[in-house]
Amino acid sequence: MIEILRIAGAALWAHKFRALLTTLGIAIGIFTVGVVMAIIEGLNVSFSEQISSLGSDVMYIDKRDWFMNRDTWLMTRQRRNIGMDAAAYIRERATYISHVSPRIYQRTTLKRGDKSLEHIATIGVAEDMAVISGTDLTNGRFISIADGHHRKPVVVIGDAVREELFEWEDPVGQRISLSGRKFLVIGVLEKQGQMLGRNMDNMVYIPAETLLKMFSRRWRNITIAVKASDPALLADARDEVEGIMRRYRKLRPGEDNDFAINQQSSLQEFYDNATRMLWMVAIGIGSIALIVGGVGVMNIMLVTVTERTREIGIRKSLGARRSTIRWQFLVESMTVSALGVLVGFLAASGVAVFIHKSTPLAARIPPAWGLLGVGVVVVVGLIFGLWPATKAARLDPIDALRYE
Amino acid sequence: MSPAKRNSVSTDPVSSNGLISFRGVTKVYDMGKEQVHALRGIDLDIQPNEYISIMGPSGSGKSTLMNIIGCLDTPTAGRYEFEGELVCDVSGDSIERMNDNELAGIRNRKIGFVFQTFNLLSRTTALRNVELPLIYAKVHRRERLERAREALVQVNLDDRADHRPSELSGGECQRVAIARALVTKPSIILADEPTGNLDSVTSREIMVLLDELYGQGNTIILVTHEAEIAAHAHRTIHILDGQIDKDESRPADD
Ligand SMILES: Nc1ncnc2c1ncn2[C@@H]1O[C@H](COP(=O)(O)OP(=O)(O)OP(=O)(O)O)[C@@H](O)[C@H]1O
Ligand SMILES: [Mg+2]
């Protein structure tokens, strides 16, 4: 076996350049799949980190589903907005729910002195949001019941906002202007990082009632975030919330819901679908490249066998069996494809490292893929090497020796 | 040094310890329109430690005969036994023959072939070339190297072990080929015009070497066009048109 490897190595070494060219197809196949894999792996890591911040035990009651096609969007256009009173309605009745908070989104401009931040995500919430979102404060306190009740102009700022407006100063107790109104900074949130490409620290929380008063449109649609008291009873909590909402909306049995309950898992589902597509494209391109590469390997092996007919004759005259000759050429074709895998893998790893360094994406190639690479070597090398190798093995010793 | 049996007579019936036995061995090449009769019913017996030369005009079938003896080729009719084992028996429709692996095994262990054109692997050193049959015989690496070096010593080329064929002279190449042929300690060494590509001085060196090997108890068959070279052997078979024309034995005269 070692001898066979040595012979194959020597034969390839004699035609280094040709061998390298041949491996290109396989290398490209492995490279494509490798890079996509690295990216997906990176996405997976950041996605799971990110959506865990949504909380798997948190449900969002919205007018619409997060992900829907055009038809359902048109259908749901007629739905009524969800209002603040729904939050109170749920809070009073739910038993499987520990925390309830409205969530109202608004873009505002923040100013402090001569510094100004535009288009800052400003989210109107109640005191329960601290628990629901799971974010801790580095400083100060969160919005309280009283803040909401009195529609106080108080604000809890994200880390990015703190950095922009205050740098090294302590923001708590300071005042900033929020769309022209003076707000008192009462708390600073811990750094959150990115989520789905958005900087989660570039935001502020204010009391929901304050937000509604400032940007008053009477029947503004809001989202209600609820947290299950026991994550194990999430399904029960969902059923209960659904029932409460149906009662709130006075729906008759058999009537469709005119609201939606969204969860982290619906995001997960959407993500899974998206990455599945990416996978299929990668595998498609990869397999085409592998087949092209494999045919290249076969071609080069046929040329090699013809070129080395005399050598085969000599080996046979010295007592090499058919199986020995076949193995010799199979090992050679597998070595060529191994070379391709190696080149493709190294290139893909290089790109993965580059992505990792230059973007927030933690791209990497999982080690299990090394095994797959080996599998590809064996399969491509065997399948596409089999015919040339068998051809070599079947050569008649005398004919082969006479071959010029 | 030389066993007594070397003058055994070819007309003896097949003896139990015969090395090679041909009965009616025929080779016909079917070229489509015409058939080429390379061998027409050869009967031949060879005993261990014979030194045989085969002579004959070009195209008479010498190489064909050698290739069949060497199990590189198979007859289209006739019976061939090697060391009492049936290699092949073709008569009419019934064919009985060794399978490919058995033939490879015989080539590997029992036969040492020396070709006119040397047939060395060009990118491989002399030592590795000599090692090759031992690799196929699955001899262990250390023993293999030892025996390959020994064989090179025998042909006086141990100082060229690491040279490639392109760095060796024709005579040296043929000595490497002889070392390769004898490294497996075969039952018979077949040399098809071993001096055909060499000048007379180098030819003489090769013949000295073959004589030596014969003296050590090897069996040798040698194809040649030159009477001077054929004279080294103790039995000369003349082939004419695919048939044995003359089979002469001479007493030892060295
Ligand atoms: N593969 C083949 N196909 C067809 N005919 C062949 C083949 N090999 C040999 N022959 C024919 O068989 C005959 C015997 O050939 P062979 O090579 O045995 O002759 P030879 O005695 O060795 O000649 P030389 O002295 O020139 O080497 C020749 O007529 C040759 O043309
Ligand atoms: Mg010939």
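Just above, that's the structure.
What counts and how
Residues numbered from 1 in each chain as written. Chains lettered and ligands numbered in written order. Predicted model: local features only at pLDDT ≥ 70, side-chain atom pairs only at ≥ 80, totals over all residues. Heavy atoms only, no water. Salt bridge = Lys/Arg side-chain N within 4 Å of Asp/Glu carboxyl O. Helix = DSSP H or I, 4+ residues; strand = E, 2+ residues; numbered from the N terminus. Buried < 20%, exposed > 50% of the residue type's maximum accessible area, 1.4 Å probe, protein only. Pairing = 2+ DSSP bridges. Axes fitted to C-alpha atoms, helices over the stretch in contact; angles between N-to-C directions. Contact = heavy atoms within 4.5 Å. Polar contact = N/O pair within 3.5 Å; in protein donor to acceptor, adjacent residues only side chain to side chain. 1 Å grid on protein atoms, 1.4 Å probe; cavity = no way out; pocket = protein on both sides within 12 Å on 5 of 7 lines; lining within 4 Å. Points joined across faces, edges and corners; volume = space filled by probe spheres on them. Nonpolar A, V, L, I, M, F, W, Y, C, P; charged D, E, K, R; others polar.

### Here we look at the pattern of salt bridges
If the charged atoms of two oppositely charged side chains come close together, the side chains can form a pair.
Part 1 of the reasoning: This structure, assessed with the given rule, holds 28 salt bridges over all chains.
Part 2 of the reasoning: Between Lys 115 of chain A and Glu 167 of chain A there is a salt bridge; the shortest N-O distance is 3.6 Å. Linking Lys 115 of chain A in strand 3 (residues 115-125) with Glu 167 of chain A in the loop between helix 7 (159-166) and strand 6 (175-178), this pair joins segments that are 52 residues apart in sequence.
Part 3 of the reasoning: Residue Lys 115 of chain A is classed as partly exposed on the basis of its relative accessible area of 30%.
Part 4 of the reasoning: Judged by its relative accessible area of 43%, Glu 167 of chain A falls in the partly exposed class.
Part 5 of the reasoning: Residue Glu 81 of chain B pairs with Arg 79 of chain B through a salt bridge whose shortest N-O separation is 2.8 Å.
Part 6 of the reasoning: Each of Arg 308, Glu 311, Arg 315 and Glu 332 of chain A takes part in salt bridges that share partners, so that together they form one network.

### Things to note about the sheet that holds strand 2 (residues 35-46) of chain B
Residues and elements named next belong to chain B.
Part 1 of the reasoning: If you trace the five strands from one edge of the open sheet to the other, you get 2-1-4-5-6, paired in antiparallel fashion. With partners counted over all chains shown, the strands left at the sheet margins are strand 2 and strand 6 (94-97), one partner each. Going across the sheet, the axis of each strand differs from the next one's by a mean of 15°, ignoring polarity.
Part 2 of the reasoning: With five bridges joining them, strand 1 (residues 20-30) and strand 4 (residues 77-82) adopt antiparallel strand pairing. Pairing of Ile 20 across the sheet is with Phe 82, part of strand 4.
Part 3 of the reasoning: Against the sheet, helix 1 (residues 62-69) contacts strand 1, strand 2 and strand 4, and its axis sits at roughly 120° relative to strand 1.

### Some remarks on the pairing of strand 2 of chain B
Residue and element names in this part refer to chain B.
Part 1 of the reasoning: In the sheet, strand 1 pairs with strand 2 via eight bridges, with the strands oriented antiparallel. Residue pairing across strands places Val 25 opposite Ile 42, the latter belonging to strand 2.
Part 2 of the reasoning: Connecting strand 1 to the antiparallel partner strand 2 that follows it, the hairpin turn spans four residues, and Gly 32 within it adopts a positive phi of roughly 85°.

### Considerations on the side chain of Asn 262 of chain A
All names here are of chain A.
Part 1 of the reasoning: Tracing the chain through its elements places Asn 262 in strand 12 (residues 260-263).
Part 2 of the reasoning: Given the relative accessible area of 2%, Asn 262 is considered buried.
Part 3 of the reasoning: A distance of 2.9 Å separates a polar atom in the side chain of Asn 262 from a polar atom in the side chain of Asp 62.

### Here we look at empty space enclosed by the protein
Part 1 of the reasoning: Counted according to the given criterion, the structure contains three cavities of 30 Å³ or more.
Part 2 of the reasoning: When its volume is computed, the largest cavity comes out at roughly 90 Å³.
Part 3 of the reasoning: Forming the boundary of the largest cavity are Ala 11, Leu 12, His 15, Arg 18, Ala 19, Thr 22, Ile 300, Met 301, Thr 304, Arg 308, Glu 332 and Val 336 of chain A.
Part 4 of the reasoning: Residues belonging to the lining of the largest cavity are distributed by class as follows: six nonpolar, three polar and three charged.
Part 5 of the reasoning: Volume-wise, the second largest cavity comes out at about 60 Å³.
Part 6 of the reasoning: Lining the second largest cavity are Ser 317 and Leu 318 of chain A together with Arg 107, Asn 108, Ile 111, Gly 112, Phe 113, Pro 133, Arg 180, Ala 181 and Thr 184 of chain B.
Part 7 of the reasoning: At the level of elements, helix 2 (100-109), strand 7 (111-114) and helix 5 (170-182) of chain B are the ones that each hand at least two residues to the lining of the second largest cavity.

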